[in-house]
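# Coordinate inspection notes
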Amino acid sequence: MLALGLALASPAAAARFAVGVDEGASVDAVARAIERSGLTPERHLAKLRALVVDAPTARGLRALRGVAYVERLDRPRRVAFTPNDPLAPRQWHLSQVRAFDFWPELPTLAGVRVAVIDSGIDGSHPDFQGRIAASRTFVGGSALTDQQGHGTFVAGLIAAQTNNELGVAGIAFPAQLVIAKVVRSSRLVSLEAEAAAIRYAYTRGAVLVAAVGNADQAPESPWPWASYPAALPHVVGVSALDREGSVSGFSNRDPIYNDIAAPGQEIVSTFPRSLTSARPNCNEQGYSICGPDDYRNAEGTSFAAPQVAAAAALLLSVRPFLQPDQVAHLLERSAVDVNATTGCRRCPFQRDSYTGWGRLDVAKALGGLDGPLPPADQFESNDDAGAL
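Notes on the structure follow.

Cut-offs used in this document
Residues numbered from 1 in each chain as written. Predicted model: local features only at pLDDT ≥ 70, side-chain atom pairs only at ≥ 80, totals over all residues. Heavy atoms only, no water. Pairing = 2+ DSSP bridges. Helix = DSSP H or I, 4+ residues; strand = E, 2+ residues; numbered from the N terminus. Axes fitted to C-alpha atoms, helices over the stretch in contact; angles between N-to-C directions. Contact = heavy atoms within 4.5 Å. Buried < 20%, exposed > 50% of the residue type's maximum accessible area, 1.4 Å probe, protein only.

## Some thoughts on the sheet that holds strand β8 (residues 235-241)
Through backbone hydrogen bonds, the strands of a sheet pair up, either in parallel or in antiparallel fashion. Taken in spatial order, the three strands line up as β7-β8-β9 in an open sheet, and their pairing is parallel. The sheet terminates laterally at β7 (208-211) and β9 (260-263), the two strands that pair on one side only. Shown here is a sheet whose adjacent strand axes are inclined to one another by a mean of 40°, direction ignored. In this sheet, β8 lies alongside β7 in parallel orientation, the contact comprising four bridges. The partner of Ala211 across the bridge, within β8, is Val238. Of the strands in this sheet, β7, β8 and β9 are in contact with helix α9 (residues 301-318), which crosses β8 at around 125°.

## Considering unusual backbone geometry
Residue Pro229 is reached from Tyr228 by a cis peptide bond, and omega for that bond is 10°. Within the secondary structure, Pro229 is located in the loop between β7 and β8. Its identity as a non-glycine residue notwithstanding, Arg98 has a phi of 50°, on the positive side. In this structure, Arg98 sits in the loop between α4 (92-96) and β4 (113-118). A relative accessible area of 21% means that Arg98 is categorised as partly exposed.

Printed below as a string of structure tokens:
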């Protein structure tokens, strides 16, 4: 259907596009895919990993595997939005996952709710003003207090106020947070409470995203299996990447339940002010920069997973009718393949146990909404991942 749509369009309506090729993809392979669509790619920009194509629309081009971007050449170049939050330049993950590259300015979108099942949140934090839609504790106390810091950190990566000239920028700028507190003050997680919260979300049609887990909690490192709840059906399992583009040493591997990867080291986010006050001379109160040692250089798959959850929220903000499996499919199939050419020498080409389908690409996932959407799948979006 894609080839038919491109071939039958009127040449008079054609526009000129630059088609960028992913770092891990072959320029020749993308050119052949374009040719099979009935179009003729020009190669004078091939050294820049780009092809030039005359086509009636960018939709079919964006859907081709190995395409990093499609940009119209007969219009002024669109500049990606840059948030004015003062700590955003220290959030290196934003550029890695192309968090804001899809828009020149942030649009007004529907406020999709994102549940954070964790240790609670600093509910009066200024970067969460107007962002908390509901809260519930499954372990007593208030969900709007966070004695551990993990929940506040995760929530900030997803939905801290963006472009408010304060602190950090959350990826899911239109999102509303639903806080489910399942971590006791003793730092113990109630498995019964966690299961109840997950079951509640799944039965209401939520997109479920979870970290594959860290090997420091496993019998050996690296651990070859994803932890729960990532190793459950209908859950998108997320692994971690370092600044060099390789899989983090602590990130669990899994040939089936590791679906996608995102940055998971040296991450900066919000943090409870009651905990950062222990360092009164630190200027960035309320942010992990002023937190304890393990948060000042935060690392973990649980800090990669919120980026994927935020991307899912953006897809649903633009297309509210998407089913959870369609969201997962768009995120996974638009990911940038992680291999030796992108910084991971141990990672083979295509889907693997280290990084799943590859590195999250928010802009490309959003661009995929312009093309044919994947059909609803009663099973999972990774049914074809292989066998154990």
